[in-house]
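Residue-level structure breakdown
The lines below spell out each chain.
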Amino acid sequence: MLSKLKYTLGGLIGLAASSGTMAGDMPAAMEPEFRLAVIASPHKTDLKTYDNAMVAMEYSNGSNRFYGFLGEADFGKASLGVDYLTGTSDRVGGGNPLSHVNTDVISMFAGYNVLNHPMIGKLDVTLGYFRLWEQFTISPANWFDGLEIGIKGRRSWDDKFALTYRLGYVPNLAVHGYVKDANLLTGNYAWNLRLGAEVPVYKKFSVVGGYERTSAEDKFVFDSSKKVSVTFSGFYLGGMVSF
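Residues numbered from 1 in each chain as written. Predicted model: local features only at pLDDT ≥ 70, side-chain atom pairs only at ≥ 80, totals over all residues. Heavy atoms only, no water.

1. Section: the pattern of salt bridges
Condition: One side-chain nitrogen of Lys or Arg within 4 Å of one carboxyl oxygen of Asp or Glu is enough to make a salt bridge. The helix count covers DSSP runs of H or I at least four residues long, the strand count covers runs of E at least two residues long, and both are numbered beginning at the N terminus. Think of it in three bands: residues with accessible area under 20% of the maximum for their type are buried, residues over 50% are exposed, and the middle band is partly exposed, with areas taken using a 1.4 Å probe on protein chains only.
Within the structure shown, the criterion is met by 12 salt bridges. Among the salt bridges present, the one from Arg35 reaches Glu33, with a minimum N-O distance of 3.1 Å. Across the pair Asp83 and Arg166 runs a salt bridge whose closest N-O atoms are separated by 3.1 Å. Here Arg166 lies in strand β9 (residues 162–170) and Asp83 lies in strand β5 (residues 78–88), a separation of 83 residues in the sequence. Accessibility expressed as a relative area gives 7% for Asp83, which makes it buried. A relative accessible area of 4% means that Arg166 is categorised as buried. Residues joined in a network through salt bridges with shared partners are Glu33, Arg35, Glu72, Asp74, Lys122, Asp124 and Lys152.

See the structure below:
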C-alpha cells in the first residue's frame, strides 16, 4: 500500500507539472501559494443494509476524537491537494459493530483551473486517489480505494474571507482486507463532499470550519442486488496558515 501511495502521489505531481506547462498564460514569476489547515471534528459513521439485504439493520456511532489536515498548493492554473482525517469512535454496547472503530480517510488530488470568474471564483477539475480504511473491533481491517474524479472551487473576497468546496466521485471502488478475503463484499462507488469557509484572524493565519461527508456503497458477493452503504460525516473546525 505504501508503494501504491508513493506511485499515486508521484503521478499527481507529474500531472500538476504538465498542467502548469499547458497553462501558457501563467506568469513565469508567479509564486505558488500554500495553505495548510489542522482540523478537529466530531465525525459519525452510519452503516446500513438495504435492497432486500439478508439482514436489514442500521447502526450509527461516532466521537469527538477525529483529527486531520487539509493541504493545498496553488500554482495558478494547476494545484495539488490532500484531505486527511483519522480517529476512533466511542465504545458502545448492544452489539453495535461500530463500537471503537478506527477510521482513516484520505484524498490526494491534482487540479486544473477551467473557470475563474469574479462572481463565482475559481473552479478546478480534479483527478486523484481516494482511500477509506476501517479497523473494526470484531474483525480484521478493511479498506476501500480507487481513482477519484471531481471538482473544487474557491471564492475569496479581497484575498481574505473565502468559501471553498470540493466534490469527488470514485466510480470503481475497490475492496481490500477481511471482507475481500472472506468473499463477502465487492466495491461499487463512493462520493466525497467538503464545504468550508476561511476567516482571517491575523496576517497569514485563519480560522477554518465546514462540513465533510464520505458516502460509499458496496455489494454482497452472493447477490449483487443486496447492498451495504457507509456514511462518514461531520462538521470540522481548525486553524490554517498560508505561505
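2. Considerations on the nonpolar core
One broad rule of soluble globular proteins: the nonpolar side chains tend to lie buried together. Rule in force here: Nonpolar cores are built from buried Ala, Val, Leu, Ile, Met, Phe, Trp, Tyr and Cys residues. Side-chain atoms within 4.5 Å join them into one set. Any two residues whose heavy atoms approach within 4.5 Å are treated as being in contact.
Counting residues in each nonpolar core, the largest one holds 27 residues, and the members touching the most others are Ile39, Phe130, Phe144, Leu173, Ala190 and Val208. Elements with a contribution of two residues or more to this core: β1 (33–41), β4 (66–74), β7 (121–135), β11 (185–202), β12 (205–220) and β13 (227–242). Here Phe130 is in contact with Val105, Ile106, Ser107, Phe144, Asp145, Gly146, Glu148, Val170, Leu173, Ala190, Asn192 and Thr214, once residues within four sequence places are set aside.

3. Overview of unusual backbone geometry
Even without being glycine, His100 reaches a positive phi, approximately 55°. Residue placement: His100 occurs in the loop between β5 and β6 (102–117). Taking the relative accessible area as the measure of exposure, His100 reaches 26% and is therefore partly exposed. Of note, the phi angle at Lys203 is positive, near 50°, even though the residue is not glycine.

4. Some words on the packing of aromatic side chains
Put simply, the rule is: In this analysis, rings of Phe, Tyr and Trp, with Trp reduced to its six-membered ring, are considered paired at centre separations within 6.5 Å, and the interplanar angle assigns stacked below 30 degrees, edge-to-face beyond 60, and tilted for intermediate values. Only lysine NZ and arginine CZ atoms are considered, and such an atom sits over a ring when it is within 6 Å of the ring centre and within 35 degrees of the ring normal.
Within this structure, the stated rule accounts for 9 aromatic pairs. A ring pair is formed by Tyr211 and Phe235, whose centres lie 5.1 Å apart and whose planes are at 55°; its orientation type is tilted. Of this pair, Tyr211 sits in strand β12 while Phe235 sits in strand β13, placing them 24 residues apart in sequence. One Lys or Arg, Arg155, reaches over the ring of Trp157 and ends 4.2 Å from the middle of that ring.

5. Describing empty space enclosed by the protein
Condition: Computed over the protein atoms alone on a 1 Å grid, cavities are sets of points where a 1.4 Å probe fits but cannot get out and pockets are open sets with protein on both sides within 12 Å along at least five of seven lines; a residue lines them when it has an atom within 4 Å of a point. Grid points are joined across faces, edges and corners, and a volume is the space filled by probe spheres set on the points. Throughout, the ten residues Ala, Val, Leu, Ile, Met, Phe, Trp, Tyr, Cys and Pro are labelled nonpolar, Asp, Glu, Lys and Arg are labelled charged, and all others, Gly among them, are labelled polar.
On inspection of all chains with the given rule, the structure shows 3 cavities of 30 Å³ or more. Here the largest cavity defines a volume of roughly 300 Å³. Considered class by class, the residues forming the lining of the largest cavity number 8 nonpolar, 5 polar and 10 charged. Elements with a contribution of two residues or more to the lining of the second largest cavity: β5, β6, β11 and β12.

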